[in-house]
Amino acid sequence: MSTENLPQSPEQPSRKPRVAVVFGGRSSEHGISVVTAGAVLRAIDRTKYDVLPIGITRDGRWALTADEPDRMAITERRTPSVDELAESHEGGVVLPVDPANREVVYSEPGSVPKALGEVDVVFPVLHGPYGEDGTLQGLLELSGVPYVGAGVLASAVGQDKEYMKRVFTSFGLKVGPYVVIRPREWQQDEPGARRKIAEFAGEHGWPLFVKPARAGSSIGITKVDDPSGLDEAIAEAQRHDPKIIIEAALRGREIECGVLEFEDGPRASVPAEIPPPDAHAYYDFEAKYIDSTPGLVPAPLTAEETAEVQRLAVDAFEAASCEGLVRADFFLTEDGEFVINEINTMPGFTPISMYPQMWQASGIGYAELVDRLVQAALRRSTGLR
């Protein structure tokens, strides 16, 4: 029977994809995550996407927050917090745990839970443990919700400096000398752990960099010039992570390169150079975020050096099975060799951060960068891939 003359139902307008921007978190990088979220919320195309801001407080509560990017900026050298933005100090946002249901629910004590609608993709702009390290990514995999950035394995590898270096070494990427002190070593045989550090210093000399093994944004890192500063540096690193890593200082230039996932695979940006900051011993948290020490974009490298660091950045992206985006950090040593220091699977992402600046210099502005990351996430499925 022909349906040509039957009444036709009016077409329902297709809704815009809904992006949940998740930020804050339980790590020491909470404040920078909020700043990053403000930049993403300001840049995301509201004609193309519906947006749901969700903040995670320092104690782990998922809060419905105001969509007010201007309140998410550093003011008077102080970073913002989710608690300042939360619409309630008791209510909580709950993600679905059923892959067939992507509806987010908000509830407060004594009130009927309120459905906030379905989420099509999560843009997690969390830095550090409990967000950038595979934990949130695992939750989203269980929920069946696509998300921006690296998966569970790559996020975990990218967060743990020891295993990151082990993976890179296994793929033939050169890393600098390092030694790891695990919590059990320090607790059960502190004298032995100290001898291990002393032997490392004896072999590689001073200064050394003492770092939390699973933290970022240069938080908890101390440059130690001699043995007298070691105890304080270890205590500071252990304040952020019971597992610490100690690295030998490498003489050379600090070079960074961004990697972005395109439809045909990952590509590298023009590289940048981080010159030694005048007011800081090294490129620490305050130099990065408070004083906004400028980098050189593009880095003053030869064409051969540029091509080499771009190749190595993509190799690092592939070695760790990354997706979405990565910032790869290198040292260009005095003998002309690139040594990879680390990758960041969710790098600093404010418009003045190096990753967006490198892509800006490569022809992709901040708003387009946000859009490309969301589109890459929407193209992917969750689960094994």
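Preceding this section is the structure that the text describes.
Residues numbered from 1 in each chain as written. Predicted model: local features only at pLDDT ≥ 70, side-chain atom pairs only at ≥ 80, totals over all residues. Heavy atoms only, no water.

Overview of the sheet that holds strand S10 (residues 222–224)
Reading across from one edge, S8-S11-S9-S10 is the order of the four strands in this open sheet, with antiparallel pairing throughout. Looking at strand neighbours, the two that pair on one side only are strand S8 (178–181) and S10, the edges of this open sheet. The average angle at which neighbouring strand axes cross in this sheet is 25 degrees, direction not considered. For strand S9 (residues 208–212) and S10, the ladder comprises three bridges, and the chain directions are antiparallel. Among the inter-strand pairings, valine 210 is bridged to a residue of S10, identified as threonine 222. Against the sheet, helix H8 (residues 230–240) touches S9, S10 and strand S11 (244–248), its axis set at about 25 degrees to S9. (Pairing = 2+ DSSP bridges. Helix = DSSP H or I, 4+ residues; strand = E, 2+ residues; numbered from the N terminus. Axes fitted to C-alpha atoms, helices over the stretch in contact; angles between N-to-C directions. Contact = heavy atoms within 4.5 Å.)

As for the sheet that holds strand S2 (residues 50–56)
Taken in spatial order, the four strands line up as S3-S2-S1-S7 in an open sheet, and their pairing is mixed. Each of the sheet's edge strands pairs with one partner strand only, and the pair in question is strand S3 (62–64) and strand S7 (121–124). Each strand axis lies, on average, 30 degrees off the axis of its neighbour in the sheet, ignoring direction. Taken together, the three bridges between S2 and S3 define a ladder with antiparallel strand orientation. Looking across to S3, one finds that glycine 55 is bridged to alanine 63. Each of strand S1 (18–24), S2 and S7 touches helix H1 (residues 30–43); the most contacted strand, S1, lies at about 155 degrees to it. Taken strand by strand, helix H12 (residues 366–379) contacts S1 and S7, and its axis lies near 130 degrees from that of S7.

Quick word on H12
One turn of the α-helix equals 3.6 residues, which is why residues spaced by three or four share an orientation. Between the first and last C-alpha of H12 there are 20 Å, a value that for 14 residues agrees with the 20 Å anticipated at 1.5 Å per step. Looking at H12, one finds that the buried residues are Tyr366, Leu369, Val370, Asp371, Leu373, Val374, Ala376 and Ala377. On the buried face of H12, the contacting elements are S1, H1, S7, strand S12 (252–262), strand S15 (325–333) and helix H11 (354–361). (Expected span 1.5 Å × (residues − 1). Buried < 20%, exposed > 50% of the residue type's maximum accessible area, 1.4 Å probe, protein only.)

Here we look at helix H10 (residues 303–319)
In this model, H10 (17 residues) spans 24 Å end to end at C-alpha, consistent with the 24 Å of a helix rising 1.5 Å per residue. Three or more residues of H10 are buried, namely Thr306, Val309, Leu312, Ala313, Val314, Ala316, Phe317 and Ala319. Buried residues along H10 sit against helix H5 (161–170), S12, strand S13 (265–268), S15 and strand S16 (338–344). Looking at the residues trailing H10, positive phi occurs at serine 321, about 60 degrees.

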